[in-house]
Each structure stands twice: as C-alpha cells, then as structure tokens.
Amino acid sequence: MSHFTYRDGALFAEDIPLARIAGEVGTPFYCYSTAALTENYLAFADALADLNGLVCFALKANSNLAVIRTLARLGAGADVVSEGELRQALAAGIPAHKAVFSGVGKTRTEMEFALTAGIGQFNVESAPELDALSHVASGMGKTAIVALRVNPDVDAQTHHKIATGRSEDKFGIAYEDSAALYARGETLPGIDMAGLAVHIGSQLISLGPFRAAFQRVAGLVRELRSAGLGVRRLDLGGGLGIVYDSEEPPHPTDYAAMVRDEMADLDCELVFEPGRLIAGNAGVLVTRVIFVKHGASKRFVIVDAAMNDLLRPSLYDAHHGVEPVIEPAPGAALSRADVVGPICETGDVLAGSRDLPALEDGDLLVLRSAGAYGAVMASSYNTRPPAPEILVNGDQYDVIRARQSYDILLARDRMPDWLKETPRDDHRDPG
Ligand code: LLP
C-alpha cells in the first residue's frame, strides 16, 4: 500500500498534506514515510524469518540517521561501504556486530576503524585485500570475520551501470579463483573465514539471475566443504527491484521461496543486504514549478529540484513517476511535458515526455520512488544547496536533514595566503 495518496484532492504523506510541509519547509524536499519504511522492511524480514537470516539495510540507498534508526528499531543491521557509512550506522544505534563492510577498496584506516568498532563481517573482494586485512587485524591482535565475495559471472539483466556480477565487473573474486583464496584465507593470521558473499546488481526484476548466482555459490560451498573447509555463513546481497513504472518485480515471498530452494539444505546463517526495496518507494521528492515554458516543439515544466537533488534520471535514464500535489480534476486535459531542473545541462531532465495537466508557476509536483539513491547521491552542483529531508510518522513530521545555508556552502572553501586580499574593483564595464 502506498503511503503517499490523494485525500480529497490533495496528496498526503501518511496523515500530512505535502502542501503543508512545502509551505513550512520550502521546496524542494525529500519526504519519507515511516509507515512505508516499516512495511517494506517487515515484508522482507518476515518473508525470510524462518531462514536464520540477518537483514542488513544497505546504507548506500539512504543513510539519513533517522531513516537508519527507524529500521534499526525493527531489528535491521547495516551493509556499509565506507568508514563514513559505518559511523552513520553506529550513530543511528546499529550495533557493530550487526554491520557488514562491503566494497572493493577498503583502506587500511577503514579496516582499523571497523575492527576497533567490532564489525560483524568484512566482505573481501580481492587477494590483496585479504592480505591487507590479515596484516591489519593481526597487528591489532584482532580477528576479522570474513566472507569472500564471489563474482559468479551472471548477468543481472539490469541497467549496465548497476550490474555487478559479470566477469568484466570490478566486483568480487573470479569464481575460478575463489576456492584457492578461501583455503589460503584459512591459513592467514587474524582472519576467520566465515563464508561467502554474492551481489550481482541492483533493481533486478526477475528471480532467474539471483537463482543462477545462488546456485553457483551453493556449488562453491559444497566444493569447499568437500575439501574440508568450514563454511557457516552466506551473504546473499541485495538487488531486489521495485516498481518505478510498469516493472513487475518478484514479491519478497517469492524471493524467499527461491532462497529456501537453493540454500536451505546448506545449513548456513544468511545475511541479506536490501537497500532500494526498503527505501525506494518510501520516499518522494517534492518540488515547485518555477516557470512553464513553451519551446518550439515542447512544453517545459521548469521546477526547483534538479539533477543535483535527484541524479538517477540523468545518470541512468531512470524513470520516476510525476504527480501534481493537487489532484487533477477527473477528465482534465493532459499534454506532453518535460519536467526539467534549472541546472545548466541539457541532461537536467527529471522526467521526460510525460502526460501532465496544465501547470503554472507555484504548483507543486512530486517525483515518486525517490527514497533510495536520491538524497544520498545529491550534490551542490551549480552551487545549489541539496534538498532537505523530512520524515513523516502518522500525523507528525520533522526535518531530519536541514537545507544547507549559503553561508555553509561558501564557508567550505578557503583562500590561500596569496589570495587573501579582495580584488580591486576598477569599475570597468564588462566587455
Ligand atoms: N550490497 C551491495 C554489495 C551493493 O553493491 C548494493 C548496491 C546493495 C547491497 C544494495 O542493492 P539494492 O538492494 O539497493 O539494489 N545508484 C544506483 C544503485 C547502485 C547500487 C549499488 N549497489 C541507482 O540509483 O539505481
């Protein structure tokens, strides 16, 4: 069920009209629903409840502390890919032992930080990383719990920029090399080889590629065990897709049934790393129309959000549904429009060729499905303060990340000594 619905002609987030938040906070802003986050998390966690699994929310999808804490209270762990994300998980109240550290390029400093915190698992993605981790951990007198991330050479059939499990992708250890590296890991000081990890991509909309990857991993578990090596844990990654447009992704219960089919007899602890599935449809980006411009061949709806706030359409040609905050009258005439931001790039299109009603300056629109990979990918390109974040909970809401002031944006830069003096204004006319 969506928690962003029209009531008496106005779009609400749970029990709060979005227009009210827009009036009080200004636009653009991200708005998340506690009920949606909770429902999405529980749909996944409950489906897998009998599988001895830990659900580690992938913070890269949405790392706002309030969002993380909402999920932590439901029992979520964290999948992190940097010291920064680990710090966010800890600050939000996720215990370190429920955090897994993924990523191809962990620095030694990050390893040290994670070991000091007592992280639950490192997903190791290369031989040099395993050696470095052994060196760092043994030097600290600690043991790093390791899952080797295997690259199963399976095409996730998703956008090529978010497919991670093909042999040509930078992720994971070549399938053929995994058993030997696992065996070597068992001999390294400071390393506890717990098992294997796999993640083949994001926004997967069919189970086939997951199944193929999991079968490869299961085969490797059997091979390792028959060589006398212990495998007690499998991290099956994230990747389950959501509806942005007309996709029909598998329901978490179908995913769980497939996992049960492929993995149950291996008798391993399981870890899952969903991100988008939990946060994606739990958030919208609310924006206000600045101008409507009729170009030679198109209607442009120019809004106050832009690619610096929501990069996905520009980067992946991603589709986000657009809706006016005031519900169009039944039978209202619709016509084509591009919803574009003010950034000086042709690619700053938030939603291209959509059928929208007549719109004018000041009208509010929402871009749907913006709760994952939205705010986290924002920048201040064109020196625009990124959109603030709001969390709604029933009939209450709060600002969970404030809009950055121009003072703070400008204060990031420093003048070197030789530029301290302000340039002379010589009153010449430009040109
Ligand atoms: N685990 C690992 C190791 C990952 O690399 C990712 C996502 C996840 C879990 C979570 O995947 P999810 O359940 O959210 O699909 N910025 C892109 C998505 C990049 C995903 C990167 N890795 C987008 O906006 O579509």
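Please read these numbers as outputs of a predicted model, since none were measured by experiment.

Caption draft 1: Fine view of the domain arrangement of the protein chain. When its domains are assigned, the protein chain resolves into domain 1 (4-31 + 280-411) and domain 2 (34-278). Taking only C-alpha atoms, the centre of domain 1 and the centre of domain 2 are 32 Å apart. If you look at the interface, domain 1 gives 22 residues, while domain 2 gives 24 residues. The contact between domain 1 and domain 2 buries some 1900 Å² in all, and 51% of this surface belongs to carbon and sulfur atoms. In terms of surface lost to domain 2, no three residues of domain 1 exceed Tyr 316, His 319 and Tyr 373, which account for 27% of the buried area on that side. Applying the counting rule to domain 1 against domain 2 returns zero salt bridges. In this structure, the connection of domain 1 to domain 2 is made through 11 residue pairs in polar contact (both at pLDDT 80 or more). Going through the elements one at a time, helix 11 (312-316), strand 20 (389-393) and strand 21 (396-401) are the ones with two or more residues in the side of domain 1 that touches domain 2.

Caption draft 2: Representation of a negative patch on the surface in the model. On the surface, Asp 153, Asp 155, Glu 168, Glu 176 and Asp 177 cluster together to form a negatively charged patch. Here Asp 155 lies in the loop between strand 9 (144-151) and strand 10 (173-174). Its relative accessible area of 41% is what places Asp 155 among the partly exposed residues.

Caption draft 3: Structural detail: the nonpolar core. One finds Phe 122, Leu 196, Phe 214, Leu 234, Leu 236, Tyr 255 and Val 259 to be the most contacted residues of the largest nonpolar core, which totals 106 residues. Broken down by element, the residue count for this core peaks at eight residues, all from helix 8 (residues 208-226). Looking at which domains feed residues into this core, each of domain 1 (4-31 + 280-411) and domain 2 (34-278) supplies at least three. Once residues within four sequence positions are removed from consideration, Val 259 is found in contact with Leu 51, Phe 214, Leu 236, Ala 264, Leu 270 and Phe 272. Listed in part, the 17 residues of the second largest apolar core include Phe 4, Ala 22, Val 284 and Tyr 397.

Caption draft 4: Main features of the sheet that holds strand 2 (residues 10-13). Spatial ordering of the open sheet is given by 1-2-3, a layout of three strands whose pairing is antiparallel. Each having just a single partner strand, strand 1 (4-7) and strand 3 (16-17) make up the two edges of the open sheet. The sheet contact formed by strand 1 and strand 2 spans four bridges and is antiparallel. In the strand pairing of strand 2, Phe 4 is matched with Ala 13.

Caption draft 5: The packing of aromatic side chains, seen in detail. Counting across every chain of the model gives eight aromatic pairs. Between Phe 210 and Tyr 255 the ring centres are 5.2 Å apart and the planes differ by 75°, which places this aromatic pair in the edge-to-face class. Residue Phe 210 is found in helix 8, and its partner Tyr 255 is found in helix 9 (residues 252-263); the two are separated by 45 residues along the sequence. Considering the side-chain rings of Tyr 255 and Phe 272, the 6.2 Å spacing of their centres and the 70° angle between planes classify their relative orientation as edge-to-face. Of this pair, Tyr 255 sits in helix 9 while Phe 272 sits in strand 13 (residues 269-272), and the two are 17 residues apart along the sequence. For Tyr 255, a relative accessible area of 2% gives the class buried. Clustering of aromatic rings is evident, with ring pairs tying together Phe 44, Phe 210, Phe 214, Tyr 255 and Phe 272. Residue placement shows Lys 106 over the ring face of Phe 101; its charged tip is 5.6 Å from the ring centre.

Caption draft 6: Broad picture of unusual backbone geometry. Thr 27 connects to Pro 28 through a cis peptide bond whose omega is -5°. In this fold, Pro 28 is placed in the loop between helix 1 (18-25) and strand 4 (29-33). One non-glycine residue, Gln 203, adopts positive backbone phi at about 55°. Its location among the elements puts Gln 203 in the loop between strand 11 (191-197) and helix 8. Here Gln 203 falls in the buried class, since its relative accessible area comes to 11%.

Caption draft 7: Quick peek at the pattern of salt bridges. In this structure the tally under the stated criterion is 20 salt bridges. Residue Asp 169 is joined to Arg 166 by a salt bridge in which the shortest nitrogen-to-oxygen separation is 2.9 Å. Classification of Asp 169 as buried rests on a relative accessible area of 13%. Residue Arg 166 is classed as buried on the basis of its relative accessible area, which comes to 16%. Across the pair Asp 417 and Lys 420 runs a salt bridge, and its minimum N-O distance is 3.3 Å. For the pair Asp 417 and Lys 420, one class covers both residues: exposed. Beyond isolated ion pairs, a larger network of salt bridges with shared partners links Arg 211, Asp 261 and Glu 262.

Caption draft 8: View of the packing of helix 6 (residues 127-139) against helix 7 (residues 175-187). Across the interface, helix 6 lies against helix 7 with an axial gap of 11 Å and an inter-helix angle of 10°. In this view, helix 6 runs roughly parallel relative to helix 7, as classed from their interaxial angle. In contact with Ala 127, Leu 130 and Asp 131 of helix 6, helix 7 contributes Leu 181, Arg 184 and Gly 185. Taken together, the residues that form the contact of helix 6 with helix 7 break down as three nonpolar, one polar and two charged.

Here is what the cut-offs are and how they apply
- Residues numbered from 1 in each chain as written.
- Predicted model: local features only at pLDDT ≥ 70, side-chain atom pairs only at ≥ 80, totals over all residues.
- Heavy atoms only, no water.
- Domains from an automatic or database assignment.
- Contact = heavy atoms within 4.5 Å.
- Buried area = accessible area lost by both parts, 1.4 Å probe.
- Salt bridge = Lys/Arg side-chain N within 4 Å of Asp/Glu carboxyl O.
- Polar contact = N/O pair within 3.5 Å; in protein donor to acceptor, adjacent residues only side chain to side chain.
- Helix = DSSP H or I, 4+ residues; strand = E, 2+ residues; numbered from the N terminus.
- Patch = residues over 30% accessible without salt bridge, like charges linked within 9 Å, V, L, I, M, F, W, Y side chains within 5 Å.
- Areas by Shrake-Rupley, 256 points an atom, 1.4 Å probe, with all protein chains shown as cover.
- Lys, Arg positive; Asp, Glu negative; His and termini not counted.
- Charge placed at Lys NZ, Arg CZ, Asp CG, Glu CD.
- Buried < 20%, exposed > 50% of the residue type's maximum accessible area, 1.4 Å probe, protein only.
- Core = buried A, V, L, I, M, F, W, Y, C linked by side-chain atoms within 4.5 Å.
- Pairing = 2+ DSSP bridges.
- Phe/Tyr/Trp six-rings, centres within 6.5 Å; stacked < 30°, edge-to-face > 60°.
- Lys NZ or Arg CZ within 6 Å of the ring centre and 35° of its normal.
- Axes fitted to C-alpha atoms, helices over the stretch in contact; angles between N-to-C directions.
- Parallel < 35°, antiparallel > 145°, perpendicular 65-115°, else oblique.
- Nonpolar A, V, L, I, M, F, W, Y, C, P; charged D, E, K, R; others polar.

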